[in-house]
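Structural overview for review
One-letter residues, chain by chain:
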2 protein chains.
Amino acid sequence: MTSPASPTSEPSELPLDVLVSQTLGEDLTGKLTELLPVLVQDLADIDRRMRDVLGATFPRLTDAATYACSAGGKRVRPVLMAALHRALGATDTTPIHSLAAAFQLIHTATLVHDDVIDHAEMRRGRPSLPQAFGLPLAIVSGDYLFVRAFELASEYPRSIIMRCGEACADLVEGEVLQESGRFDLTAGPEHYYRVVERKTAAIVAASLASVAEIAGASTAVLDAASAYGRALGVAFQIRDDVLDVYGDSDILGKPLYGDFREGNPTLLSLETYERLDGARRAEFERLFGQRRKQPGDLLRLRALVDAAGAAGRVEETARQWAERATRALEIVPPSPYKILLEHMAWGAAERRF
Amino acid sequence: MTSPASPTSEPSELPLDVLVSQTLGEDLTGKLTELLPVLVQDLADIDRRMRDVLGATFPRLTDAATYACSAGGKRVRPVLMAALHRALGATDTTPIHSLAAAFQLIHTATLVHDDVIDHAEMRRGRPSLPQAFGLPLAIVSGDYLFVRAFELASEYPRSIIMRCGEACADLVEGEVLQESGRFDLTAGPEHYYRVVERKTAAIVAASLASVAEIAGASTAVLDAASAYGRALGVAFQIRDDVLDVYGDSDILGKPLYGDFREGNPTLLSLETYERLDGARRAEFERLFGQRRKQPGDLLRLRALVDAAGAAGRVEETARQWAERATRALEIVPPSPYKILLEHMAWGAAERRF
């Protein structure tokens with residue numbers, strides 16, 4: 001049995017206004033200052049709704065669930081949901097609070113189970129849940145978050161519950177696909193996109209399509225919301241892969257090179273593999289395929305990614321997905337919230353954390 | 001990473017009529033022969049409903065989910081649900097099929113995650129899911145089964161979805177409570193019952209209360225169904241604990257002494273601890289508390305349980321819970337299905353597998 005090492009102190013959390021500013025980026029918060037307090041209030045309401053359902057009769061489970069949910073994170077999903085709701089004409093986002101809380105719980109549940117599967121020690125600058133509470137509690141806490149999410153979703157019509165369920169099924173499939181392709185660079189970008197669309201993009205698409213449905217939007221707008229969410233999700237993930245190699249681990253709150261360690265064939269590694277040839281290509285493939293990598297192996301992999309000059313091309317691809325996301329929004333009438341949604345797509349592709 | 005060892009052949013499954021006969025016991029199938037084909041058909045319909053939702057686009061996930069769900073098992077829950085529905089006057093159990101399938105999926109999901117947590121190698125006579133498909137796939141397959149269960153539950157009114165969700169939350173709490181008390185005999189029977197009521201009984205109670213609600217029964221009958229399910233669940237679990245020491249591992253499909261190994265303080269171990277004194281009590285406590293036990297330790301623990309003569313008292317307790325279950329049914333009008341439900345309570349307390 002894993003011996004759980006309890007965290008010694010509550011994690012420090014950023015105030016929501018700082019968090020939202022960071023998520024939106026300084027550039028954007030300057031331009032859209034008047035939206036900030038509105039979104040901060042929306043986010044606070046969604047957070048409260050989420051915390052309201054975490055209470056178990058057994059305190060250690062409540063603690064673990066709260067720990068998982070209070071890790072901060074960028075809150076991209078709930079901000080997107082609130083912003084879209086307002087862009088579609090809502091002046092009060094109360095009707096989507098439970099749904100946004102549900103999606104946030106589902107997202108958190110999958111991070112918890114991911115951390116179990118990936119043996120991740122850190123998450124957002126502090127010990128991961130399995131590290132802090134032990135493996136058994138991490139597994140069942142993930143289940144608990146799923147259950148609470150579905151309870152929240154049960155407030156909505158069946159069409160929304162089912163969309164939520166299908167997105168979760170996609171998520172699980174994405175995880176399985178990812179497992180099947182670990183340590184293998186030969187499956188290529190098709191495999192990568194199959195994983196990302198399921199693991200990252202599907203749930204963003206489903207959450208935004210559901211917001212459109214709740215807002216009473218047309219099918220065309222609902223499809224646009226879904227397409228926007230999907231493309232933004234892909235941009236976000238590609239950027240995530242780049243940050244895992246070129247980011248600042250202090251800002252990210254976790255060590256770099258996690259994808260090398262776990263053998264996840266990211267677009268960056270695939271592009272590198274494509275560009276290298278001869279001995280260096282063989283070396284990259286061999287090192288990438290090793291189940292246990294030494295620190296020196298990780299640095300050598302990084303050096304080969306540098307040498308291949310793959311980052312520029314991959315960053316360009318992320319921007320293309322952001323572009324695709326903003327184009328999907330064309331059908332939405334102009335408003336400051338629409339501008340914000342467009343900026344968030346670019347932010348997903350260009351963020352530093 | 002765990003290297004998944006694929007199962008080489010599909011598990012053999014018992015035909016449903018044999019399975020139902022075994023679950024009901026020979027004695028009972030003799031008396032209530034005319035009910036058998038009806039229940040076998042109900043069970044076949046519920047099984048089909050469950051299998052219908054297992055398909056993922058990625059075959060390996062479908063395979064894992066199907067493997068988990070085709071392990072046979074006694075199908076006590078769906079038989080109870082169908083029998084109660086008929087005892088309350090239904091002539092067609094179609095309205096409960098999706099719900100019974102959902103509860104069966106939830107039950108299976110928790111067994112899968114239990115097997116991850118308990119490092120169980122065998123389940124029902126074949127490799128456990130983590131053993132057969134690897135740890136990562138076992139974790140996400142459990143999630144997948146939960147998701148599919150909630151999709152099925154979304155057909156029902158919110159009151160039923162919420163009861164289903166609360167039972168799942170209880171289940172998770174039971175698991176956490178159990179974790180917190182491992183290798184410790186001092187928490188006593190109160191702790192044991194807190195675990196069992198949440199981990200085993202709550203979901204049976206919730207499934208039967210939901211059947212009563214779907215049947216349009218009064219609140220009194222709904223409460224009776226819940227009380228019956230809860231008491232039967234406790235009887236079932238106590239019997240499970242006894243079989244883990246005194247059962248036939250060939251019939252059970254798993255090795256004996258799992259609770260000793262995992263340090264689960266069952267009623268049998270608690271009763272033994274209570275009855276022993278002096279050196280033998282200290283020895284029992286010390287051996288029970290060991291994180292890693294040798295085969296000789298397990299046999300010595302068994303010998304001390306024998307010496308304490310604890311089994312008779314514990315079996316009597318199981319029968320008292322069965323008695324409590326049958327008393328809860330008094331409000332239900334007489335019928336062959338009511339007789340069957342009473343027998344199933346006794347069967348839970350006295351079964352050999």
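This one's a predicted model, so the numbers in the text were calculated from it and none came from an experiment. (Residues numbered from 1 in each chain as written. Chains lettered and ligands numbered in written order. Predicted model: local features only at pLDDT ≥ 70, side-chain atom pairs only at ≥ 80, totals over all residues.)

1. What about the overall build of chain A?
Quick note on the threshold: Think of it this way: any DSSP run of H or I at least four residues long counts as a helix, any run of E at least two long counts as a strand, and we number them from the N terminus. It is over C-alpha atoms that the radius of gyration is taken, and the globule rule equals 2.2 Å times the number of residues to the power 0.38. Partly exposed residues are those falling between the two cut-offs: more than 12 but fewer than 20 other C-beta atoms within 10 Å of their own, whereas 20 or more means buried and 12 or fewer means exposed, with C-beta atoms placed from the backbone. C-beta atoms are first placed from the backbone for all residues, and any pair lying within 7 Å is then listed as a contact.
Scanning chain A from terminus to terminus reveals 18 helices and two strands. Taken over the C-alpha trace, chain A has a radius of gyration of 20 Å; the compact-globule value for 353 residues is 20 Å, and the two agree within 12%. Per-residue burial for chain A yields a buried fraction of 52% across its 353 residues. For chain A, long-range pairs separated by at least 24 residues make up 75% of all intrachain contacts whose partners lie at least 6 apart in sequence.

2. Regarding the relation of the copies chain B and chain A
The following threshold applies: When the copies are superposed, the least-squares fit draws on C-alpha atoms of residues that have pLDDT of at least 70 in both.
Placing chain B over chain A gives an RMSD of 0.0 Å and needs a rotation angle of 180°, together with 0.0 Å of translation along the axis. Classification of the inter-copy transformation places it as that of a two-fold axis. A high fraction, 100%, of the interface residues of chain B reappear at the interface in chain A, so the copies pair face to face through one surface.

3. A closer look at unusual backbone geometry
Trans is the prevailing form of peptide bonds, just as negative phi is the prevailing case for residues other than glycine. Positive phi, close to 65°, is recorded for Phe183 of chain A, a residue that is not glycine. Along the chain, Phe183 of chain A turns up in the loop between α9 (158-180) and α10 (188-214).

4. Examining the interface of chain B and chain A
Interface extent is often summarised as the accessible area lost during association of the parts. Rules: For this classification, Asp, Glu, Lys and Arg are treated as charged, while Ala, Val, Leu, Ile, Met, Phe, Trp, Tyr, Cys and Pro are nonpolar and the rest, including Gly, are polar.
Between chain B and chain A, the contact holds 34 residues from the first and 35 residues from the second. Every element with two or more residues in the side of chain B that touches chain A is listed here: α4 (59-69), α6 (94-117), α8 (135-153) and α9 (158-180) of chain B. Ranked by the residues each element gives to the side of chain B that touches chain A, the list is headed by α9 of chain B, at 13 residues. Split into classes, the residues belonging to the side of chain B that touches chain A amount to 21 nonpolar, five polar and eight charged.

5. Thoughts on the nonpolar core
Heads up, the condition is: Remark: nonpolar core denotes a set of buried Ala, Val, Leu, Ile, Met, Phe, Trp, Tyr and Cys residues whose joining runs through C-beta atoms within 7 Å.
Core analysis: the largest hydrophobic core is formed by 235 residues, its most contacted members being Leu208 and Ala235 of chain A together with Leu208 and Ala235 of chain B. Here Leu208 of chain A is in contact with Leu80, Met81, Leu84, Ala225, Ser226, Tyr228 and Gly229 of chain A, once residues within four sequence places are set aside.

6. Considering the packing of helix α6 (residues 94-117) of chain A against α8 of chain B
Going by this rule: Here an angle of 0 to 180 degrees is reported between the N-to-C directions of two axes, which are lines fitted to C-alpha atoms, with helices fitted over the stretch in contact. Small angles under 35 degrees read as roughly parallel and large ones over 145 as roughly antiparallel, with 65 to 115 read as roughly perpendicular and the rest as oblique. Two helices that cross are described as forming a left-handed crossing if the nearer one is turned anticlockwise from the farther one by less than a right angle, and a right-handed crossing if clockwise.
The geometry of α6 of chain A relative to α8 of chain B is characterised by a closest axis approach of 9 Å and an angle of 165° between their N-to-C directions. Relative to α8 of chain B, the element α6 of chain A lies roughly antiparallel. The handedness of the crossing between α6 of chain A and α8 of chain B is right-handed. On α8 of chain B, the residues that touch His113, Val116 and Ile117 of chain A of α6 of chain A are Pro136, Ile139, Val140 and Asp143 of chain B. By residue class, the composition of the contact of α6 of chain A with α8 of chain B is five nonpolar, one polar and one charged.

7. Re the confidence of the model for chain A
Heads up, the rule is: Predictor confidence is given residue by residue as pLDDT, running from a minimum of 0 to a maximum of 100.
When pLDDT is averaged across chain A, the result is 90; 94% of the residues are at 70 or more. In the predicted structure, residues 1-12 of chain A sits below a pLDDT of 50 and forms 15 contacts with residues beyond four places in sequence or in another chain.

8. Quick notes on the environment of Pro127 of chain A
Residue and element names in this part refer to chain A. Structurally, the position occupied by Pro127 is in strand β2 (residues 126-127). The class of Pro127 is partly exposed, set by 18 C-beta atoms lying within 10 Å. For the pair Pro127 and Asp42, spaced 85 residues apart in sequence, the C-alpha to C-alpha distance is 28 Å.

9. Concerning helix α10 (residues 188-214) of chain B
Residues and elements named next belong to chain B. Under the convention used in this document: To estimate the expected span of a helix, count its residues, drop one, and scale the result by 1.5 Å. One fitted axis covers the seven residues ending at a residue, a second covers the seven starting there, and the bend at that residue is the angle between these axes.
Here α10 spans 38 Å end to end across 27 residues, near enough to the 39 Å set by a 1.5 Å rise per residue. Along its length, α10 reaches its greatest deviation from straightness, about 50°, at Ala201. Phi turns positive one or two residues past the end of α10, at Gly216, with a value near 75°.

10. Here's the deal with the environment of Arg324 of chain A
Checked against the element boundaries, Arg324 of chain A lands in helix α17 (residues 310-328). Placed 88 residues apart in sequence, Arg324 of chain A and Phe236 of chain A show a C-alpha to C-alpha distance of 13 Å.

11. A short note on α8 of chain B
Over its 19 residues, α8 of chain B extends 27 Å from the first C-alpha to the last, a length consistent with the 27 Å expected when each residue adds 1.5 Å. Burial analysis of α8 of chain B places 19 of its 19 residues in the buried class, the great majority of the element.

12. Some details on the packing of α17 of chain A against helix α18 (residues 336-350) of chain A
Residue and element names in this part refer to chain A. Contact geometry of α17 with α18 gives a least axis separation of 8 Å together with a crossing angle of 165°. With respect to their mutual orientation, α17 and α18 come out roughly antiparallel. As α17 packs across α18, the resulting crossing turns out to be right-handed. Across the interface between the two elements, Ala318, Arg319, Trp321, Ala322, Ala325 and Thr326 of α17 pack against Glu342, Ala345, Trp346, Ala348 and Ala349 of α18. Each residue belonging to the contact of α17 with α18 can be placed in one class, and the counts come to eight nonpolar, one polar and two charged.

13. Here we look at the environment of Arg163 of chain B
All names here are of chain B. Residue position: Arg163 is located in helix α9. Distance from Arg163 to Ala224, taken between C-alpha atoms, is 16 Å for residues 61 residues apart in sequence. Ignoring any residue separated from it by four or fewer positions in sequence, one finds Arg163 in contact with Ala206, Ala209 and Ser210.

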